[in-house]
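# Structural characterization, general
Each chain, letter by letter, is given below.
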Amino acid sequence: MKRTISSAKTLQGKSRVLACAIAATVCALMACMAFALSGCKPPQGQLAANAALAEMSAIQQKNPESISYLPEVSQAKELEQIGISQEEFFAQVNKIGLSVIGQSEGIAIADKKMYALRDVTATVSCIPLIASSIMSKKLASGSDAILLDVTTGTGAFMKTVEQSIELAKLMVSIGTHHGRRVAAMITDMDTPLGHNIGNSLEVMESMDVLKGHGPADLTEVCLQLAANMLVLADKGSPAECRAMAEAVIADGSAFAKCKEMFAAQGGDTRVLDDYSLFEKPAASYELLAEEDGYIVANDAEKIGSASVLLGAGRQKKGDPLDFAAGITLHKKRGDYVHKGESLATFYGAADKFDAAAAEFRSGLVYGPEKPEEAPLVYALVTKDGVERY
């Protein structure tokens with residue numbers, strides 16, 4: 001699903017395995033589920049708030065304007081389930097309430113050519129061009145309402161909140177100009193959301209969110225995103241929409257709807273109930289703390305790069321993916337650790353552990369004092385302005 005969920009998130013490109021990626025995926029599902037379960041017909045043949053989020057995160061370091069959970073269908077045979085036509089996409093949304101697709105040759109055809117030109121003219125980081133690239137795909141997909149998850153921090157393409165707000169305001173303006181209901185949430189990406197980084201690992205954690213026992217930070221971001229998507233769909237007040245998202249998790253219908261989507265797109269739903277059916281990693285390794293102290297920094301980009309070194313992402317086009325590879329975090333920013341205590345478990349080929357450990361440690365900072373807690377969500381950007389939290 002974000003790369004994506006029928007094949008488990010197949011992540012391509014450097015650092016395409018940060019846990020925040022799946023947050024967008026899950027919240028999109030939750031919003032679509034709540035919307036689909038509300039008894040309302042999708043307007044104009046689609047969901048008013050569909051699964052069309054754009055994250056500016058570490059997963060986009062190589063291709064910062066790409067739709068983070070919509071992979072290049074032509075690059076991975078295992079993503080055939082999301083390589084459906086626009087007509088099939090609409091039909092599935094009308095039938096079951098949601099669908100996830102990858103960018104195809106028929107969507108925003110000029111965008112790839114424009115990006116190639118930007119790549120050779122050093123304009124990849126140009127905010128107006130990033131905004132136009134993202135919004136071209138959103139508008140081409142026919143969304144009535146669009147919620148953008150714009151991440152900020154070490155693991156994001158936009159390193160500061162102000163940069164992220166600048167980008168968000170421009171994208172909201174573009175969508176509004178084209179008659180769409182658009183909002184953007186500015187979310188933190190200094191530390192990975194949840195505990196799992198990797199393909200199968202993140203799918204497991206995502207399903208845990210839908211089952212009601214996911215990590216608190218990941219669940220909270222998902223609920224806030226889902227609630228805002230439902231607000232855009234005119235389903236009620238923010239509080240009412242939040243309650244809808246919470247309700248479909250509590251009664252099990254969110255998870256059931258997710259399984260329905262998997263089945264509709266050729267996925268094997270058995271793995272969602274029984275995680276033991278996922279491919280097993282070749283080996284595991286415990287990364288131990290080298291000193292006592294609080295974790296002051298837990299660089300998301302470095303952690304993402306470490307997971308890529310383990311095989312969870314591609315360092316270059318054509319590299320094979322190890323779907324079982326990745327990292328489970330036991331300690332994160334703000335936690336106190338003792339020397340010799342496990343910080344994380346690495347999964348993958350044993351000969352890759354040393355390089356991944358060095359990369360992980362390069363973003364790790366200890367300190368004697370507990371750092372101030374960072375907000376999960378910094379702001380909400382709409383056509384009416386910026387609401388900071």
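Definitions and limits used
Residues numbered from 1 in each chain as written. Predicted model: local features only at pLDDT ≥ 70, side-chain atom pairs only at ≥ 80, totals over all residues. Heavy atoms only, no water. Buried < 20%, exposed > 50% of the residue type's maximum accessible area, 1.4 Å probe, protein only. Helix = DSSP H or I, 4+ residues; strand = E, 2+ residues; numbered from the N terminus. Pairing = 2+ DSSP bridges. Right-handed = clockwise from strand over helix to strand, strands pointing away. 1 Å grid on protein atoms, 1.4 Å probe; cavity = no way out; pocket = protein on both sides within 12 Å on 5 of 7 lines; lining within 4 Å. Points joined across faces, edges and corners; volume = space filled by probe spheres on them. Nonpolar A, V, L, I, M, F, W, Y, C, P; charged D, E, K, R; others polar. Phe/Tyr/Trp six-rings, centres within 6.5 Å; stacked < 30°, edge-to-face > 60°. Axes fitted to C-alpha atoms, helices over the stretch in contact; angles between N-to-C directions. Parallel < 35°, antiparallel > 145°, perpendicular 65-115°, else oblique. Contact = heavy atoms within 4.5 Å. Salt bridge = Lys/Arg side-chain N within 4 Å of Asp/Glu carboxyl O. pLDDT = per-residue confidence, 0-100.

### What about the pairing of strand β2 (residues 181–188)?
Within β2, 7 of the 8 residues are buried, which leaves it mostly tucked inside the rest of the structure. With 8 bridges connecting them, strand β1 (residues 145–152) and β2 associate as parallel partners. Counted as the bridge partner of Asp 149 is Met 185 from β2. The parallel pair β1 and β2 is bridged by helix α5 (residues 161–177), and the resulting crossover is right-handed. One ladder, built from 4 bridges, connects β2 with strand β10 (residues 377–382); its direction is antiparallel. Of the residues in β10, the one forming a bridge with Ile 186 is Ala 379.

### Thoughts on the layout of surface pockets
Empty space among the atoms can be located by rolling a probe the size of a water molecule over them. Approximately 500 Å³ is the volume found for the second largest pocket. Lining the second largest pocket are 19 residues, and of these Asp 217, Arg 333, Glu 373, Ala 374 and Leu 376 lie nearest its centre. Of the residues in the lining of the second largest pocket, the class split is 8 nonpolar, 3 polar and 8 charged.

### Some thoughts on the packing of aromatic side chains
As enumerated under the stated definition, the model contains 6 aromatic pairs in all. Pairing Tyr 275 with Phe 278 gives two aromatic rings, centres 6.5 Å apart and planes at 45 degrees, and the pair type is tilted. The class for Tyr 275 is partly exposed, based on a relative accessible area of 21%. Centroid distance Tyr 285 to Phe 346: 6.0 Å. Interplanar angle 50 degrees. Geometry classified as tilted. Highlighted residues: Tyr 285 in strand β4 (residues 283–288) and Phe 346 in strand β8 (residues 342–348), separated in sequence by 61 residues. Owing to a relative accessible area of 30%, Tyr 285 belongs among the partly exposed residues under this scheme. Residue classification places Phe 346 among the buried positions, given a relative accessible area of 0%. Of the aromatic side chains, those joined through ring pairs into one cluster are Tyr 285, Phe 346, Phe 353 and Phe 360.

### Quick notes on the packing of helix α6 (residues 199–211) against helix α9 (residues 253–264)
It is the contact of α6 with α9, at a shortest axis distance of 7 Å, that shows an interaxial angle of 135 degrees. As far as their axial angle goes, α9 and α6 are oblique. Contacts from Met 207, Leu 210 and Lys 211 in α6 reach Ala 254, Phe 255 and Cys 258 in α9. A class-by-class count of the residues in the contact of α6 with α9 yields 5 nonpolar, no polar and 1 charged.

### Brief notes about the pattern of salt bridges
For side chains of opposite charge, pairing can occur when their charged atoms come near one another. One pass over the full model with this rule turns up 13 salt bridges. In this structure, Arg 270 and Asp 268 form a salt bridge, with 2.8 Å as the shortest nitrogen-oxygen distance. With a relative accessible area of 54%, Arg 270 lands in the exposed category. Overall, Asp 268 belongs to the partly exposed group, its relative accessible area being 34%. With a shortest N-O distance of 3.5 Å, Lys 383 and Asp 384 are connected by a salt bridge. What makes Lys 383 exposed here is its relative accessible area of 61%. Judged by its relative accessible area of 69%, Asp 384 falls in the exposed class. One salt-bridge network, held together by shared partners, links Glu 220, Arg 242 and Glu 246.

### Here we look at the confidence of the model for the chain
As a general rule, the predicted coordinates of low-pLDDT regions are not to be interpreted in detail. Mean pLDDT for the chain: 79, with 77% of residues reaching 70 or above. This stretch, residues 1–25, has a pLDDT under 50; its non-local contacts, to residues over four places away or in other chains, come to 143 contacts. Across residues 35–79, confidence stays below pLDDT 50; counting only partners more than four residues off in sequence or on other chains, it has 190 contacts.

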